[in-house]
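What follows is the residue order along each chain.
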Amino acid sequence: MTDPVPAHIQLGMTDDEYQAVIDLLEREPRPAELAMYSVMWSEHCSYKSSRAWLGRFPTEAPWVVVGPGENAGVVDLGDDWLAALRIESHNHPSFVEPYQGAATGVGGILRDIFTMGARPVAVWDPIRFGSLTDPHNRYLLAGVVSGIAGYGNAVGVPTLGGEVEFADPYAKNPLVNVMALGLLKRDQLVLSAASGVGNVAVLLGATTGRDGIGGASILASASFDAESGAKRPSVQIGDPFEEKKLIEACLELYEKGLVVGIQDLGAAGISCATSECAANGGMGMDVDLDDVHLREHDMNAGEILMSESQERMLAIVTPEDVDEVLALAEKWEINASTIGTVTAGGALIVSQDGDVVAEVPAASLSDDAPLYHRAAERPTWLDATWADSAELPAALDVGDALLRMLDDPALGDRSWIYEQYDHQLFLNTVIEPGNDGSLMRIKGTSKGLAVSTDGNGRLCYLDPRRGGARLVYESALNVAVTGARPYAVVDNLNFGNPEKPEVMWQFLETVEGMSEACEALGVPVIGGNVSFYNETDGVDIYPTPVVGMLGFCDPIPTDPPRLDQAADKMVLWIIGPENLTDFAASAYDRVILDHLGGRPTDVDHEIGPQVVAAAADMAHAGAPVLHDVSAGGVAVAVAEICIASRIGVELHDGDWHGWLSEAPHRFLAVLPAGESPDVGDLPAREIGIMGGTQIAFGRHGSALLDIATRTWRDAIPRRMT
Amino acid sequence: MKTAVVVFPGSNCENDMVYALGLLGADAELVWHRETDLTEFDGVVLPGGFAHGDYLRTGAIARFSPVMAEVGRMATEGKPVLGICNGFQILCEAGLLPGALVANRDLRFICRPVHVRVEQTNSVLTRAATPGQVLAIPLNSYEGNFTAPPDVLADIDAGNAAVLRYCDADGVVDETTNPNGSAHSIAGLTNAAGNVAGLMPHPERAVEDILGSSDGRVLLESYIATLAAEVPA
């Protein structure tokens, strides 16, 4: 007979971590205490493998109000307006149960935003899957998109964009990231600190059930294998209607000044919310689990503490305000119960049926979490991969290559996805999804916010440092072409198993590359998320950092550039340094050559910020069309303008490499004939004239606009039906 | 004159509606679904969203909200009653308009601008419009597919009750220009008296050029003009 697996191992804890709990408490933990530590010390909650390195990111700027570490980063937009931004991953739950995994990802990120006192006004969803040739990947894409739509649309927060990539390493580990933006006036800002001995902890929202138990520790912080289907009960179930009521109730609580502090219940549920509230305020808390409204009977203390049931908030209120808070909850038809009291001394004491089931230092759940400096080592295969650059033909029919690229689901029309999302609610959407960055106005002000999310797993696989830096610049350019200037970054760092030295090396290189680019652009990182263990059956995903860039402009351009404003005889320009050789991780290399190798071109920290500034200036100067050059190079960027504007283009004859190379720091402009880009010393070249019915590449072939349009539109639908 | 905009738990277009009506000069006020007295209002709008989560069936719970008795009274008295998207679904569910809205033909949520053609101008929704006018207005729904039994559809046609039909930019109505499978391409509907109307597209999302279209104005202006008009007793 074999020994039973010890409880801490079942809960995802190592022997050393278990011993640390014993040392800290100076005794064996009670079952409920072990449950709490196992979740709070999980990778997902404690960032134990990444925390030591995240300090590298530049986080300061005069306009940063709240930096990393709170529920969301907050920046100042002037005139007492603040914006709150946060990004999160829901990768593993979405693989196990795509609809609910994606839906609860949306729900969770929204709670992070309104916990800060902000009204959530928009969501973005960067998502990644395996090839759509596999029916299971089609099922995952359809499920994730309908989960985002089902939750986001019903909760009443528009989804303004995102991005999608397809590659084999995501087949058994799709990436589902979600970013949310909130707006608030300065006096509405709320933090998650419980202060004032005798203040009352009120649990608001949904009942607590057995769903999602161990979501953070078991699902989000471990690798996957064939048994992962059995983890389905660890996926939470979302209820957007409950969340909608909770948002409105909480916003009214803030408006009436009824809360001292508030914390959402996400990963690790009540354990996390009570301990963080208490620890952030330097206080303790007495919690009585008998007062928690439960979804089902006979839940034990550990289950109640670890439950990740959705749509719950913990508000700290003064005793005098409790009645008014309960009445307000009654008006909005949500549950509310007083479950705890703020105490002096820093102890979190949890009781059930009159017995103490947990008594721990509140701060120890976060502050004493393990901190690992894991080994990092440059991959041995990297030199060979760099040497293996694309074998380019001497001559090429670029028109034909373009059509093949437009048929690719990551390069074709993404409206099959974003038209399932309400992207117009609140009447703020000026530039819709499907463009470089989405642009929102803030009604009643002259201010505009542009947002872009950008990732590129293949690029970062080939060179995580250069890749990370290029993503930051690409994101910055995406917001700049709408007229906004880069203002703040959040990042979602999706990586494989951090216990492997080469994964750690990829992670560290990425952090360095992103940090350098943020410094050069003068843009602070105000928050982020690290998702490790994106590994299934021993195969790690590509290192996939996703940059969420917030751009800001005041005033918003009166007539911002749009892809559909090119007209006959207008002139096409390219601004930025020419590069004919950057095919590493390019769309051409992937779609046409089915190859991945070579070393991507590095960024230029001198030129890069100048190109970004020039794009924003041109947007304000009234350029009809500005468009970032990224995946698919000039060829795909030009085609996107032609398709949107329903007009062809005659490109001046040239070296075909220039149309497909994907060097950074370049954007296209379409200007009226006779005008030229006012970009100072930056390189700018005229490359074509708009007009006709084809996209013509001189002696290198052409594609009929009609066929290009149809091919582009069908890229996703023809695979999904 | 003043219009109510009802807020059900789960509504989400109520503030957009108040904003758009205000932009066009109307006095619009939010009213909670438990309100039982709307006598101070000259008209009522049921806005878009997911009233009561759309659980059970769209509008199935909302029709029992306390405020609906007053909505019914106003409809009977000839006061202007307008339902947009979820509001249209609720009016159908409450029996104030015929038919029902079911899941879209392709079983996917649709959020994009569509074209609709004005079919008649004797309703609270189309009074200020021109017959045959083509409007570009965003659609935003999963259950936007209008359906009704054949005899009800015949009555709708006979009574000229369809006020808007889906079409293309040139006003052509056929199956290829029907985004969600709606019977007879119906996008908007009125009652016999013309004072109650519902539509799936969102006119309040098309009131400013910076948001892509101002074509929704004429529909909301029709509603506002009706508010001010003398109501037959």
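One can find the structure itself at the top, above this paragraph.
Treat the numbers as computed from the prediction; the structure is a model and nothing was measured.

*Asks:* So, the sheet that holds strand β7 (residues 200-205) of chain A: which residues are in play, and what are the values?
*Replies:* Whenever strands of a sheet pair, they do so through backbone hydrogen bonds, lying parallel or antiparallel. Residues and elements named next belong to chain A. The strand order across the open sheet built from seven strands is β8-β10-β7-β11-β9-β12-β13, with neighbouring strands paired in mixed fashion. Only two strands of the sheet have a single neighbouring strand rather than two, namely β8 (261-264) and β13 (355-361). Adjacent strand axes in the sheet meet at a mean angle of 20° when their direction is disregarded. Pairing between β7 and strand β11 (residues 336-343): five bridges, direction antiparallel. Each residue of the ladder has a partner; that of L203, found in β11, is S337. Strand contacts of helix α3 (residues 31-40): β12 (347-352) and β13, with the helix running at about 40° to β13, the strand carrying the most contacts.

*Asks:* So what's going on with the interface of chain B and chain A? Residues and values would help.
*Replies:* With 21 residues of chain B in contact, the opposing surface of chain A contributes 21 residues. Ranked by residue count, the leading element in the side of chain B that touches chain A is strand β6 (residues 110-118) of chain B, at three residues. Partitioned by chemical class, the residues of the side of chain B that touches chain A number 11 nonpolar, six polar and four charged.

*Asks:* Help me get a handle on the pairing of strand β11 (residues 196-199) of chain B, residues and values and all.
*Replies:* Residues and elements named next belong to chain B. Of the two faces of β11, the one carrying V196 and G198 and the one carrying A197 and L199 are both buried. Direction of pairing for strand β4 (residues 81-84) relative to β11: parallel, over a ladder of four bridges. Within β11, the position partnered with I84 by the bridge is L199. Sheet analysis places strand β10 (residues 186-190) next to β11, joined by three bridges and oriented antiparallel. From the neighbouring strand, G188 faces β11, where its bridge partner is L199. Count of turn residues in the β10/β11 antiparallel hairpin: five residues, of which G194 carries a positive phi of about 85°.

*Asks:* Can you lay out the environment of L21 of chain B for me, pointing to particular residues and giving the numbers?
*Replies:* All names here are of chain B. In this fold, L21 is placed in helix α1 (residues 14-23). When the C-alpha positions of L21 and N122 are compared, they lie 20 Å apart, and in sequence the two are 101 residues distant. Not counting residues up to four positions away in its chain, the partners in contact with L21 are T3, A26, A28, L220 and I224.

Cut-offs used in this document
Residues numbered from 1 in each chain as written. Chains lettered and ligands numbered in written order. Predicted model: local features only at pLDDT ≥ 70, side-chain atom pairs only at ≥ 80, totals over all residues. Pairing = 2+ DSSP bridges. Helix = DSSP H or I, 4+ residues; strand = E, 2+ residues; numbered from the N terminus. Axes fitted to C-alpha atoms, helices over the stretch in contact; angles between N-to-C directions. Contact = placed C-beta atoms within 7 Å. Nonpolar A, V, L, I, M, F, W, Y, C, P; charged D, E, K, R; others polar. Buried ≥ 20, exposed ≤ 12 C-beta atoms within 10 Å, placed from the backbone.

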